[in-house]
Amino acid sequence: MCNMCGGLAEYVVDESVERQNSQHYVLSVPDMSCGACISKIENSMRRLKGVYQARANLTLKRLVVETDETVDCQKLIDLLKENSFTAFRIEENDRTESEEDTRSKRLLRALAVAGFGAANIMLLSVSAWSGATDATRDLFHLISAVIAVPVVAYAGQPFFRSALGALRAGHVNMDVPISLAVLLALGMSIFQTLTSKPEAYFDAAAMLLFFLLIGRYLDQRMRSRAKSSVISLGKYATREAVEVLPSGDTRLVAVGDITKKMRLRIFAGARFPVDCKIISGSSDVDRSMVTGESEAVALSPNMQIEAGALNLTGVLDVEAIEVADKSFLAEITRMLDAAEHGKGNYVRIADRMARIYTPAVHAFAFLAFASWMITTHGDWEHSLLVAIAVLIVTCPCALGLAVPVAHVVAASRLVRNGILMRDGSALERLAEADFAVFDKTGTLTDGVKMVIGSDGMGAKEKPMIASLANCSTHPSAKGISDFLKGSGSVLLSDIEELPGKGIKAIWNGKEIRLGQMEWVLEIANRQNLNEAEKSTAFAIQGGNLVTFDYRENVRSSAYQTIKDLRSLGIGSTLLSGDTQATVERIARDMPFEQVLSEHTPQAKLKFLEGLHAESGLKTIMVGDGINDAPALAAAHVSFAPSSATDIGRQTADFILTRDDLTAITFARNIAVRTNRVVRQNFALALVYNCIAVPLAILGFVTPLIAAIAMSLSSIIVISNSLRLLRGENMVIDKQVITTTTLSPTEELAA
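Computed from a predicted structure; not experimentally measured. (Residues numbered from 1 in each chain as written. Predicted model: local features only at pLDDT ≥ 70, side-chain atom pairs only at ≥ 80, totals over all residues. Heavy atoms only, no water.)

**So, the overall build of the chain**
- Across its full length, the chain holds 30 helices and 27 strands.
- Residues counted as buried form 55% of the 750 residues belonging to the chain.
- Contacts in the chain between residues at least 24 apart in sequence constitute 70% of all its contacts with a sequence separation of at least 6.
- Summing over all exposed atoms, the chain offers an accessible surface of approximately 32,200 Å²; the carbon and sulfur share of this is 55%. (Helix = DSSP H or I, 4+ residues; strand = E, 2+ residues; numbered from the N terminus. Buried < 20%, exposed > 50% of the residue type's maximum accessible area, 1.4 Å probe, protein only. Contact = heavy atoms within 4.5 Å. Areas by Shrake-Rupley, 256 points an atom, 1.4 Å probe, with all protein chains shown as cover.)

This is the structure we're talking about:
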């Protein structure tokens, strides 16, 4: 790592090295129901030796665990079972809706039973209320009990099972007070019936479950709608692939068994199982999952394609360049899963409030019961009804949903517009950002640097330069490689690439360099000042200097993005490692406040740290290369195009899958709206509790009204979050996506 990246290692966390053999497990945990469950699950997982990270997702009812090789999936499932959570493993890309449909149908059946029981018990209660007395009234109550007991036993299972599992594990969740309230109402009614008392509350118990299940079912359906983007990824995944054996024969292999450099055959109509490089064949491919554009892309040998893309016409032989759980599709899925539970400020606030709030519910109920017992001189029946109402009305459902649902909905909206978000905390930070810093190559430009000429290059140097350029992934080297295609090759040793400088190697005992002018001049035998504006050069130790002329393509969306950011009050700087002349030529028509050139990775990092320390600015960093990784990590929030290097994509908070920088301003607007919605959700939850809790304690709220109020508060919070799906999507105009090319004449004129 250090040899290849120079000084980069001191800025990039070494965690990736320690976890290079890590494995991911995705578990479905259908019993997860609230913030307390999430805390219990994550804490128990993190205490297990060999677990690097555990993240529970309430909306998806899933747990993603990263472990070392000593931990297997069964050990995780057993640990969850010890904590009273049922779990089973699912494939990470298996986003089918069968699990959600099963859960919804189970809730719908319980709702139907509760509705049937509540309607019949209500008819019997009307008869009792109409003046029935003595034996007639007792008979109606007894019939109501016969209906209510099995109805509560069946329809209450979603709450009872969750509450029992939580209590067995030594903690409480929001279903504990609900279950307690329902069982207390039923038990008190049975006691009233057996002792021939005039009042019973079977109708309240059944109607309570009915309205709670309405809220739970609608909550389930709205959650499913909120996470539809994650579920829809399943249609892009494939379970099997065709391997081409060395003998030329083929066989089916599971996607999980595909290894790097394995040769695969992709037939027309099949999806790419992993990220691949085309070996032979030509075809048209649908990359709409990545670009958002339905127009087919023509593929040819040596091109790379992402997992999930659809092969439309010809047969392709490809080489796997990544395994399934590290493919582009898996990366998208993990980022979406992480969107709900990024530990931002709002999530931490909600977590703390939920942990305090759940025990407080029982304290409020006990105090209400005790107070009414004193006030009514021992009327335990009325006191118990008040306590039941308090238990129900104070359940923190709305509070627990305030942040995660808003973040999941926002992530869904961003994905539909070609923006992948790493976690919800990135949204909070993006909304706070007030300054933007842009890299040049691969960011403001499309990363393609076309060589249009060279100076000082003879027949001897051509194969050396071509061989050295083929060993680098830098856009400048790629342009030289294309320019010298067919020039032959030589055997090199001790190849090393230095971010911000270039690539060097040993040939015939002498050092050769290709890269930044000043760095290459260190080993050349002359310094040609007339070539100072040229950004890339080559030299063999003690030999002549070879320079190259480039033409760069500037993204036409760049100007509009800088302009839009300025209209939002966000200033911007162009920060590049390229030469001053090249950078100024690219930025000549851009409304940047500052243009900086010849910055190494260390200098970029220092610049960003200076902006924060001296001016208090919260920066957006937009970059794509290895040399941008330290700055991407140091920025308040960061963006990288999907064409960025692996380390660039892994470091950035947002990944742009479309060739349009205006996605940055679109994401900023969504982030601001999301923060506003989260604050509104908190306000709605707090206002509800400030009104409902005192009314319940004062005895003005019956258990039935409490159930309706609690369900409505959750539905209102979720509906408010779903407003983020409204509004116009990004306008992807063909004219915007195309790039502006600077011709040699224009460059000379500049």
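Continuing now.
**Some thoughts on the confidence of the model for the chain**
- Averaged over all residues, the pLDDT of the chain equals 77, while 79% of them reach at least 70.
- In this model, residues 92-97 is a region of pLDDT below 50 whose contacts with residues beyond four sequence positions or in other chains number 23 contacts.
- Confidence over residues 339-343 falls short of pLDDT 50; this stretch has 27 contacts with residues more than four positions distant or in other chains. (pLDDT = per-residue confidence, 0-100.)

**Details of the pairing of strand β25 (residues 637-641)**
- Buried residues dominate β25, accounting for five of its five residues.
- Because side chains alternate across β25, one face comprises the buried residues Val637, Phe639 and Pro641, and the other comprises Ser638 and Ala640, equally buried.
- Two strands pair when backbone bridges link them, and strand β24 (residues 619-622) and β25 are joined in this way by three bridges, in the parallel orientation. The partner of Met621 across the bridge, within β25, is Ser638.
- As defined by bridge partners, β25 adjoins strand β26 (residues 654-656) across three bridges and the pair is classed as parallel. Counted as the bridge partner of Ala640 is Ile655 from β26. (Pairing = 2+ DSSP bridges.)

**Here we look at the pattern of salt bridges**
- Tallied over the full model, the rule gives 12 salt bridges.
- The salt bridge partner of Arg46 is Glu42, with a shortest N-O separation of 3.5 Å. Note that Arg46 and Glu42 are positioned in helix α3 (residues 35-46) at a spacing of four residues, about one turn of the helix.
- Owing to a relative accessible area of 4%, Glu42 belongs among the buried residues under this scheme.
- A salt bridge links Arg513 to Glu522, with the shortest nitrogen-to-oxygen separation between them at 2.9 Å.
- Counted as one network, the salt bridges with shared partners bring together Arg263, Arg265 and Asp317. (Salt bridge = Lys/Arg side-chain N within 4 Å of Asp/Glu carboxyl O.)

**Quick word on the packing of helix α7 (residues 157-168) against helix α8 (residues 175-194)**
- With their axes 8 Å apart at the nearest point, α7 and α8 run at an angle of 120 degrees to one another. On the basis of their axis angle, the class for α7 and α8 is oblique. The handedness of the crossing between α7 and α8 comes out as left-handed. Taken together, the residues of α8 that come into contact with α7 (itself represented by Pro158, Phe159, Phe160, Ser162, Ala163, Ala166 and Leu167) are Asp175, Val176, Ile178, Ser179, Val182 and Leu183.
- For the contact of α7 with α8, the residue count by class is 10 nonpolar, two polar and one charged. (Axes fitted to C-alpha atoms, helices over the stretch in contact; angles between N-to-C directions. Parallel < 35°, antiparallel > 145°, perpendicular 65-115°, else oblique. Left-handed = near helix turned anticlockwise from the far one by under 90°. Nonpolar A, V, L, I, M, F, W, Y, C, P; charged D, E, K, R; others polar.)

**Thoughts on the sheet that holds strand β6 (residues 250-254)**
- The antiparallel open sheet is built from six strands, whose spatial order is β6-β5-β7-β13-β8-β11. Each edge of the open sheet is held by one strand with a lone partner, namely β6 and β11 (304-305).
- Looking at chain direction, strand β8 (residues 276-280) and β11 are connected through two bridges and run antiparallel. Note on β11: the bridge partner recorded for Lys277 is Gln304.

**Overview of helix α16 (residues 404-416)**
- Between the first and last C-alpha of α16 there are 19 Å, a value that for 13 residues agrees with the 18 Å anticipated at 1.5 Å per step.
- When you tally the buried positions in α16, you get 11 out of 13 residues, the bulk of the element. (Expected span 1.5 Å × (residues − 1).)

**Details of the side chain of Arg137**
- Turning to its location among the elements, Arg137 is positioned in helix α6 (residues 134-155).
- Polar contacts involving the side chain of Arg137 include one to the main-chain carbonyl oxygen of Ser196, which spans 3.3 Å. (Polar contact = N/O pair within 3.5 Å; in protein donor to acceptor, adjacent residues only side chain to side chain.)

**Considerations on the sheet that holds strand β12 (residues 310-311)**
- A sheet is described by the order of its strands in space; here three strands give the open sequence β10-β9-β12, paired in antiparallel fashion. Of all the strands in the sheet, the pair left with one neighbour each is β10 (297-299) and β12.
- Relative to β12, strand β9 (residues 283-286) runs antiparallel, the two sharing two bridges. Bridge pairing in β12 links Asp286 to Leu310.

**Re unusual backbone geometry**
- Within the chain, Asn302 stands out as a residue other than glycine whose phi angle is a positive 80 degrees.
- With respect to the helices and strands, Asn302 occurs in the loop between β10 and β11.
- The class for Asn302 is exposed, based on a relative accessible area of 59%.
- In this model, Asp494 sits at a positive phi of 55 degrees, which is unusual for a non-glycine residue.
- Relative to the helices and strands, Asp494 is located in strand β17 (residues 493-498).

**A few points about the nonpolar core**
- Formed by 49 residues in total, the largest nonpolar core has its most connected members in Leu414, Phe438, Phe639 and Phe654.
- Per-element accounting of this core gives the leading share, nine residues, to helix α27 (residues 663-697).
- Look past the residues within four positions of Phe438 in its chain and what remains in contact with it is Thr443, Leu444, Thr561, Ile562, Leu565, Ser572, Thr573, Leu574, Leu575, Phe592, Val622 and Ile664.
- In terms of nonpolar packing, the next biggest core, distinct from the first, is built from 48 residues, Leu208, Leu212, Leu391 and Ala706 among them. (Core = buried A, V, L, I, M, F, W, Y, C linked by side-chain atoms within 4.5 Å.)

**Quick notes on a positive patch on the surface**
- A contiguous patch of positive charge on the surface is contributed by Lys105, Arg106, Arg109 and Arg161.
- By the secondary structure assignment, Lys105 is in helix α5 (residues 98-129).
- Using a relative accessible area of 53% as the deciding quantity, one classes Lys105 as exposed. (Patch = residues over 30% accessible without salt bridge, like charges linked within 9 Å, V, L, I, M, F, W, Y side chains within 5 Å. Lys, Arg positive; Asp, Glu negative; His and termini not counted. Charge placed at Lys NZ, Arg CZ, Asp CG, Glu CD.)

**A few points about the packing of aromatic side chains**
- In the structure shown here, the tally under the stated rule is three aromatic pairs.
- Seen in terms of ring centroids, Phe191 and Trp380 are 5.5 Å apart; in terms of plane orientation they differ by 65 degrees. Their pairing is edge-to-face. A residue pair is termed long-range when its members are at least 10 positions apart, and Phe191 in helix α8 and Trp380 in helix α14 (residues 380-393) qualify at 189 residues.
- Phe191 sits in the partly exposed class, given a relative accessible area of 37%. (Phe/Tyr/Trp six-rings, centres within 6.5 Å; stacked < 30°, edge-to-face > 60°.)

**Considering α6**
- With 22 residues, α6 should reach 32 Å at 1.5 Å per residue; the first-to-last C-alpha distance of 31 Å fits that figure.
- Residues Arg137, Asp138, Phe140, His141, Ser144, Ala145, Ala148, Val151, Val152 and Ala155 constitute the buried set of α6.

**Some details on the environment of Arg263**
- Tracing the sequence through the fold places Arg263 in strand β7 (residues 263-266).
- With relative accessibility at 33%, the residue Arg263 sits in the partly exposed group.
- Counting along the chain gives 17 residues from Arg263 to Pro246, while the straight-line C-alpha distance between them is 8.8 Å.

**Regarding a nonpolar patch on the surface**
- Together, Val687, Ile691, Leu695, Leu698 and Phe700 make up a nonpolar patch on the protein surface, roughly 500 Å² of accessible area in all.
- As for its position among the elements, Phe700 is in the loop between α27 and α28 (703-722).

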